[in-house]
Amino acid sequence: MTSPLASSISLPNGSVLPNRLCKSAMTEGLADKFDLPTAELIQLYKTWALGGTGLHITGNIMVDRRYLERAGNVVLEDDKNIELFRSWSKQGTAGGNHLWVQLNHPGRQCPRMVSKTPLCPSDVQLTILGNFSRPRPMDQSDIEEVIARFITSARLVKEAGFTGVQIHCAHGYLLSQFLSPKINQRQDQWGGTLENRARIIRRIIVGVRKVVGTDFPIGVKLNSADFQKGGFSLEDCITVAKWLGEDSVDLLEISGGTYEQLSLIGVEPTDVRESTRKREAYFIEYAERIKQSAKIPVMITGGFRSRVVMERAIESGEVDVIGLARPLCTDPDCSAKLINQTIQSIDSHEDKLVLGQGFWGNNSPSSLIKAINSFGQVGFYYWQIIRLSRGLAPETQLGTFKAFLRHMTNDFKLNIKRKFG
Ligand SMILES: Cc1cc2nc3c(=O)[nH]c(=O)nc-3n(C[C@H](O)[C@H](O)[C@H](O)COP(=O)(O)O)c2cc1C
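Residues numbered from 1 in each chain as written. Predicted model: local features only at pLDDT ≥ 70, side-chain atom pairs only at ≥ 80, totals over all residues.

Enquirer: Just checking my understanding: could you explain the site of the ligand for this structure?
Expert: Around the ligand, 25 residues are found, and the nearest of them are Ser-24, Ala-25, Thr-27, Ala-325 and Arg-326. Among the elements that take part in the shell around the ligand, helix α13 (residues 367–389) stands out by supplying 3 residues, more than any other. In the shell around the ligand, the residues fall into 12 nonpolar, 11 polar and 2 charged. (Near = placed C-beta within 6 Å. Helix = DSSP H or I, 4+ residues; strand = E, 2+ residues; numbered from the N terminus. Nonpolar A, V, L, I, M, F, W, Y, C, P; charged D, E, K, R; others polar.)

Written as structure tokens, this is what we have:
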């Protein structure tokens, strides 16, 4: 029997995805010192394009070079180097797959090494190991500028030959900061009610649709919840999903968490029910209500590892597209193997990456250990991305502490290179 993962799907705009598997966005850190795509980045996407995944979403590309999620981000704010982006989109679609660009603005989640005055809807600082400066609350003209930047970048994405665009409204970055009543404490038309908090996103979607036309797919990545008290809730998500459907979004990707609550990669989601935390595909339980409300195709990302769980999710209609991220770092061809039914599950190694597992007992480890764990785990996948970009096989025996050190060193070098050449 053919796998349900092999079936194509038509999006509301008319685009057809060749199968039900999507590579979710993963920040690559492979831009040059001018924030432009490199040969390594293009090689990485060529490798992925030949691995059988129907839809690929790039790591977050920034709409403003003054504010990055990390050094090594690509920035697309004008057409000066559009040819480089054209070769990326060409090589990255070599498998007949879709390649969409994820556009993002970090807001307050912009490291101190990049900006000492990051933007935020309100003056609410992110305090993780002193890595983020106090943000400047945005005024009306800042907000209008950000909207215009997303629209311009989306137009350039289409001009560069990518086959779609995704607006990043999840994981605690700027647009998700606007949605969160904990971070957005504004009293004007951009804060307060959910309608006001979602206004910036809806303005961006309407503006992007105008410049890309009706046949170009627009996606949105949204948190099911921030998993923080007083943050963006599941009820909020269900309402925003409805609005996004009305605003002509073609594919809604559901994820969750922020830097403070790393549920996006299944780390410490303290407000998530125990049963959910233990289960594969940890956001799937929200899919049905979100899908009913949005009335557009929904993709769920986070924790999918076994073929049977993915196939059941598609067959039951619970989910339309399965998002995979870390598995594509350790096995870039895993989608083809899942679709051909030659593997039962993917081992993306995250279970082996928790330092001191079982050692701490009931005592919570210090925040330093937690940080080493989080950065070490993410660093492990950054390293696999670097390997793939050099045409090398993944190095899955890399330990968490070594991955942590390697990531910190690489990040420091990227910042220095960007600042001083
Ligand atoms: C190394 C790494 C980089 C990531 N970068 C991004 C990003 O740029 N944009 C984004 O929306 N999510 C990003 N994520 C989150 C993933 O897209 C995905 O939501 C998460 O890893 C859960 O999916 P998985 O369990 O299949 O890995 C990143 C995750 C990892 C591990």
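From this point, the discussion proceeds with the structure in view.
Enquirer: Where do I start with the pairing of strand β10 (residues 218–223) in this structure?
Expert: Sheet faces and side chains relate simply in a regular strand, where the side chains alternate between the two faces. Along β10, 6 of the 6 residues are buried, which leaves the element largely enclosed by surrounding structure. Burial of the side chains of β10 extends over both faces: Ile-218, Val-220 and Leu-222 are buried on one face and Gly-219, Lys-221 and Asn-223 on the other. Bridge count for strand β9 (residues 164–169) against β10 is 5 bridges, and the pairing is parallel. When the sheet's bridge partners are listed, Gln-166 is paired in β10 with Gly-219. Pairing geometry for β10 and strand β11 (residues 251–255), over 5 bridges, is parallel. In the strand pairing of β11, Gly-219 is matched with Leu-251. In this fold, β10 hands off to helix α7 (residues 234–246), which returns the chain to β11; that crossover is right-handed. (Buried ≥ 20, exposed ≤ 12 C-beta atoms within 10 Å, placed from the backbone. Pairing = 2+ DSSP bridges. Right-handed = clockwise from strand over helix to strand, strands pointing away.)

Enquirer: Even after reading the chapter, I still don't get the confidence of the model for the protein, so can you show me in this structure?
Expert: Low pLDDT marks stretches whose predicted atomic positions should not be read closely. When pLDDT is averaged along the protein, the result is 92; 93% of the residues meet or exceed 70. Low confidence marks residues 268–277, where pLDDT is under 50. Its contacts with residues over four positions away, or in another chain, come to 15 contacts. (pLDDT = per-residue confidence, 0-100. Contact = placed C-beta atoms within 7 Å.)

Enquirer: Explain helix α3 (residues 140–159) to me, please; I cannot follow it from the model alone.
Expert: The terminal C-alpha atoms of α3 lie 29 Å apart, and with 20 residues this matches the ideal 28 Å at 1.5 Å per residue to within 8%. For α3, the full list of buried residues reads Ile-143, Val-146, Phe-150, Ile-151, Ser-153, Ala-154, Leu-156 and Val-157. Remark: Gly-161 follows α3 within two positions and exhibits a positive phi of approximately 95 degrees. (Expected span 1.5 Å × (residues − 1).)

Enquirer: Before we go on, may I ask you to explain the nonpolar core in this structure?
Expert: One broad rule of soluble globular proteins: the nonpolar side chains tend to lie buried together. In this structure, Leu-252, Ile-300, Val-319 and Ile-322 are the most contacted members of the largest nonpolar core, which totals 116 residues. Per-element tally for this core: the top contributor is α13, with 8 residues. With near-sequence residues (within four places) excluded, Leu-252 lies in contact with Val-220, Leu-222, Ala-241, Leu-244, Ala-294, Ile-296 and Val-298. (Core = buried A, V, L, I, M, F, W, Y, C linked by C-beta atoms within 7 Å.)

Enquirer: Please explain the pairing of β9 as it appears in this structure.
Expert: Most of β9 is tucked away, with 6 of its 6 residues classed as buried. Alternating residues of β9 divide into Gly-164, Gln-166 and His-168 and Val-165, Ile-167 and Cys-169, and every residue in both groups is buried. As paired elements, strand β6 (residues 98–104) and β9 share 4 bridges and run parallel to each other. Counted as the bridge partner of Gln-102 is Gln-166 from β9.

Enquirer: Any chance you could explain the packing of helix α1 (residues 39–49) against helix α2 (residues 82–91) here in plain terms?
Expert: A packed helix pair is summarised by two numbers, namely the angle formed by the two axes and the spacing between the axes. Between α1 and α2, whose axes approach to 8 Å, the crossing angle comes to 20 degrees. As the angle between them shows, α1 and α2 are arranged roughly parallel. The handedness of the crossing between α1 and α2 is right-handed. Residues Leu-41, Ile-42, Tyr-45 and Lys-46 of α1 lie in contact with α2, whose contacting residues are Ser-87, Trp-88 and Gln-91. Split by residue class, the contact of α1 with α2 holds 4 nonpolar, 2 polar and 1 charged. (Axes fitted to C-alpha atoms, helices over the stretch in contact; angles between N-to-C directions. Parallel < 35°, antiparallel > 145°, perpendicular 65-115°, else oblique. Left-handed = near helix turned anticlockwise from the far one by under 90°.)

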